[in-house]
Amino acid sequence: MGKLVDMPAQHLLELAGIPFDPDDPEDVPLDESPGFTAEQVEGKKKPQRRRRGAGYISDPKKRKAIEEHAEQLATAHYEGQGWTVEKLGKPYDLRCTRGTEERHVEVKGTTGVATSVELTINEVLHARDKGNTVDLYVVSDIKVDTSTDPYLPSGGTVWHYPDWEPADRDLRPRKYEYRLPDLTT
């Protein structure tokens, strides 16, 4: 929490009638103090909302159907513009060539709203490499009929980001790898 002035809070707490133990300054019971309610201190509880953006889908058949559907739409898009498309998978999804031009395309598919997508560190590094021309092709709101075998994906809204380079301000860390210390020494 920021400070407007650097002064002890004890006097203000005493004036407000808030019990305060100077030996334990971290234990100020604001939720039980006169003039404050627990809701004011904690803030109003926000209603649970549907998760937005691309998340993890545990059903591997559904995940594969979404991924392939998005790749098929991306392939059709680039082929319609005269590109030759090669499906790779790694280090990027599609290699598109047209004459001497080459584009690498990272494809993301989701059944949710396109507010965010999950990227690997390698996808970010590849897109930021000045030697690569990378596009991001996102297909959101894909519907999947799971009553058929194989699953049948359809629809989707396309979000196409040509010459894509992910900026630091648009990236959020979601996972960390923790290297365990060696306990054998």
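These numbers were taken from a predicted model, which means no experiment stands behind them.

Re the overall build of the protein
Stage number 1. Scanning the protein from N- to C-terminus turns up four helices and seven strands.
Stage number 2. Out of the 185 residues belonging to the protein, those deemed buried represent 24%.
Stage number 3. Here the analysis covers contacts within the protein between residues at least 6 apart in sequence; of these, 53% occur between residues at least 24 apart.

Side note on the packing of aromatic side chains
Stage number 1. Applying the stated criterion across every chain yields a total of two aromatic pairs.
Stage number 2. Between Y78 and W83, the aromatic rings sit 6.4 Å apart at their centres with planes inclined by 80 degrees, giving edge-to-face as the arrangement. By the burial criterion, Y78 is buried, and W83 matches it.
Stage number 3. Here Y78 and Y137 contribute two aromatic rings whose centre-to-centre distance is 6.3 Å and whose plane-to-plane angle is 55 degrees, an arrangement assigned as tilted. A residue pair is termed long-range when its members are at least 10 positions apart, and Y78 in helix α3 (residues 60-80) and Y137 in strand β4 (residues 134-140) qualify at 59 residues.
Stage number 4. Y137 gets classed as buried once you look at its relative accessible area, which sits at 3%.
Stage number 5. Linked through ring pairs, Y78, W83 and Y137 together constitute an aromatic cluster.

Re the sheet that holds strand β1 (residues 84-87)
Stage number 1. The strand order across the open sheet formed by five strands is β1-β2-β3-β4-β7, and the pairing between neighbours is mixed. Whereas interior strands pair on both sides, the edge strands pair on one side only; in this sheet they are β1 and β7 (157-161). Between one strand axis and the next, the sheet turns by 25 degrees as a mean value, whatever way the strands run.

Considering the confidence of the model for the protein
Stage number 1. Residues of the protein with pLDDT of at least 70 account for 70%, and the chain-wide mean is 82.
Stage number 2. Note that residues 36-43 has pLDDT below 50 and, in this model, 10 contacts with residues that lie over four places away or in other chains.
Stage number 3. Contacts for the low-pLDDT stretch residues 45-52, under 50 throughout, to residues beyond four places or in other chains number eight contacts.

Points about the nonpolar core
Stage number 1. With 14 residues, the main nonpolar core has Y78, L94, C96, V105, V107 and Y137 as its most contacted residues.
Stage number 2. Here this core gets four residues from one element, more than from any other, and that element is α3.
Stage number 3. In this structure Y78 touches W83, V85, C96, R103, V105, D135, Y137 and H160, once residues within four positions along its chain are discounted.
Stage number 4. One finds A127, V134, L136 and V138 within the second-largest nonpolar core, a separate group that totals five residues.

Here we look at unusual backbone geometry
Glycine aside, negative phi is the norm for most residues, and most peptide bonds take the trans geometry.
Stage number 1. For the bond running from K90 to P91, omega is 5 degrees, close enough to zero to count as cis.
Stage number 2. By the element assignment, P91 lies in the loop between β1 and β2 (94-98).
Stage number 3. Residue D149 is joined to P150 through a cis peptide bond whose omega torsion reads 5 degrees.
Stage number 4. Assignment of secondary structure puts P150 in the loop between β5 (143-145) and β6 (152-154).
Stage number 5. Of note in this structure, D141 is not a glycine but carries a positive phi near 55 degrees.
Stage number 6. With respect to the helices and strands, D141 occurs in the loop between β4 and β5.
Stage number 7. Exposure remark for D141: the relative accessible area of 27% places this residue in the partly exposed category.
Stage number 8. Positioned with a positive phi, D163 is a non-glycine residue whose angle comes to about 50 degrees.
Stage number 9. If you trace the backbone, D163 turns up in the segment after β7.

Parameters at a glance
Residues numbered from 1 in each chain as written. Predicted model: local features only at pLDDT ≥ 70, side-chain atom pairs only at ≥ 80, totals over all residues. Heavy atoms only, no water. Helix = DSSP H or I, 4+ residues; strand = E, 2+ residues; numbered from the N terminus. Buried < 20%, exposed > 50% of the residue type's maximum accessible area, 1.4 Å probe, protein only. Contact = heavy atoms within 4.5 Å. Phe/Tyr/Trp six-rings, centres within 6.5 Å; stacked < 30°, edge-to-face > 60°. Pairing = 2+ DSSP bridges. Axes fitted to C-alpha atoms, helices over the stretch in contact; angles between N-to-C directions. pLDDT = per-residue confidence, 0-100. Core = buried A, V, L, I, M, F, W, Y, C linked by side-chain atoms within 4.5 Å.

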